[in-house]
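Here is how the chains run, residue by residue.
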Amino acid sequence: MAQKVTRSQLLSIFKKLHRVRQRAFKNDNHGLSVCRERINEGFRKNKNVSDEAEIYKLFKTAEEVETVMKTQLVQLEQVEEKTFRMHIRDETYMRPNIPFNPDAEIPRIPRKSKRKCNENTEPKAS
C-alpha cells in the first residue's frame with residue numbers, strides 16, 4: 001500500500017524543484033523559463049489525480065527529478081567557436097577522474113569461433 005502524501009509535501013517538492021531550477025539555470029533566462037513551464041505544466045496536468053497510489057508515484061518521480069537536476073545537470077557556456085565553459089555546482093556529482101594513458105595495453109578478448117554449416121550437416125533436434 002502506498003503512503004499518503006500530504007498537501008504540504010506536494011507544495012514542498014514543488015518549491016524545491018523551482019529552487020533547484022534557479023540554481024541549475026542561473027543567468028540563463030531561456031532555460032529558466034522553459035524549466036519553469038515544464039514544472040508548472042507537470043503539476044497542472046496532474047492536479048485532478050485523486051488515487052493515493054498514483055499521487056505517491058508522481059511525488060516520488062518529482063523527488064527523483066529534483067535529485068537529478070541537483071546532482072547531474074550542468075550548465076555550459078560557449079566561450080569561443082569550439083570552446084565551452086562548464087559551470088559545476090558544489091552538489092554536482094562527479095565520478096573519479098582517471099587520466100588517459102595512450103600507452104596502456106588493452107588485452108584482446110578472443111572471439112568465439114563461428115561454426116560453419118555445410119550442406120551435409122543438419123541442425124540438432126531439441
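- The protein is annotated in an unreviewed UniProt entry as Complex III assembly factor LYRM7 of Magallana gigas.
- Listed under Sequence similarities (unreviewed entry) in UniProt, the entry text for the protein is "Belongs to the complex I LYR family."
- The record held by UniProt for the protein lists under Subcellular location (unreviewed entry) the comment "Mitochondrion matrix".

### Some words on helix α3 (residues 52–72)
- The end-to-end C-alpha distance of α3 is 30 Å, a good match for the 30 Å that 21 residues give at a rise of 1.5 Å each.
- Buried residues in α3 make contact with α1 (7–24) and α2 (29–45).

### Here's the deal with the packing of α1 against α2
- One way to put it is that α1 packs onto α2 with a least axis distance of 10 Å and a crossing angle of 165°. In this view, α1 runs roughly antiparallel relative to α2, as classed from their interaxial angle. At the point where α1 passes α2, the crossing takes the right-handed sense. Counting all contacts with α1, which are made through Leu10, Ile13, Phe14, Leu17, His18, Arg21 and Gln22, the residues of α2 involved are Leu32, Cys35, Arg36, Ile39, Asn40 and Phe43.
- Across the contact of α1 with α2, the residue classes break down as 8 nonpolar, 3 polar and 2 charged.

### Digging into the pairing of strand β2 (residues 83–87)
- Of the pairings in the sheet, the one linking strand β1 (residues 75–80) to β2 comprises 5 bridges and is antiparallel in character. Across the sheet, residue glutamate 80 finds its bridge partner in β2, namely threonine 83.
- Where β1 folds back onto β2 in an antiparallel hairpin, the turn is made up of 2 residues.

### Section: α1
- In this model, α1 (18 residues) spans 26 Å end to end at C-alpha, consistent with the 26 Å of a helix rising 1.5 Å per residue.
- Listing the buried residues of α1 in full gives Ile13, Leu17, His18, Val20, Arg21 and Ala24. In an axial view of α1, the angular spread of the buried residues amounts to 160°, which keeps them on one side of the axis. Seen from the open side of α1, the exposed residues pointing more than 90 degrees away from its buried face are Arg7 and Ser8.
- Turning to α1, the residues buried within the fold contact α2, α3 and β1.

Rules used in this analysis
- Residues numbered from 1 in each chain as written.
- Predicted model: local features only at pLDDT ≥ 70, side-chain atom pairs only at ≥ 80, totals over all residues.
- Heavy atoms only, no water.
- UniProt positions renumbered as here; feature names shortened; annotations may be inferred.
- Helix = DSSP H or I, 4+ residues; strand = E, 2+ residues; numbered from the N terminus.
- Expected span 1.5 Å × (residues − 1).
- Contact = heavy atoms within 4.5 Å.
- Axes fitted to C-alpha atoms, helices over the stretch in contact; angles between N-to-C directions.
- Parallel < 35°, antiparallel > 145°, perpendicular 65-115°, else oblique.
- Left-handed = near helix turned anticlockwise from the far one by under 90°.
- Nonpolar A, V, L, I, M, F, W, Y, C, P; charged D, E, K, R; others polar.
- Pairing = 2+ DSSP bridges.
- Buried < 20%, exposed > 50% of the residue type's maximum accessible area, 1.4 Å probe, protein only.
- Arc of directions from axis to C-beta.

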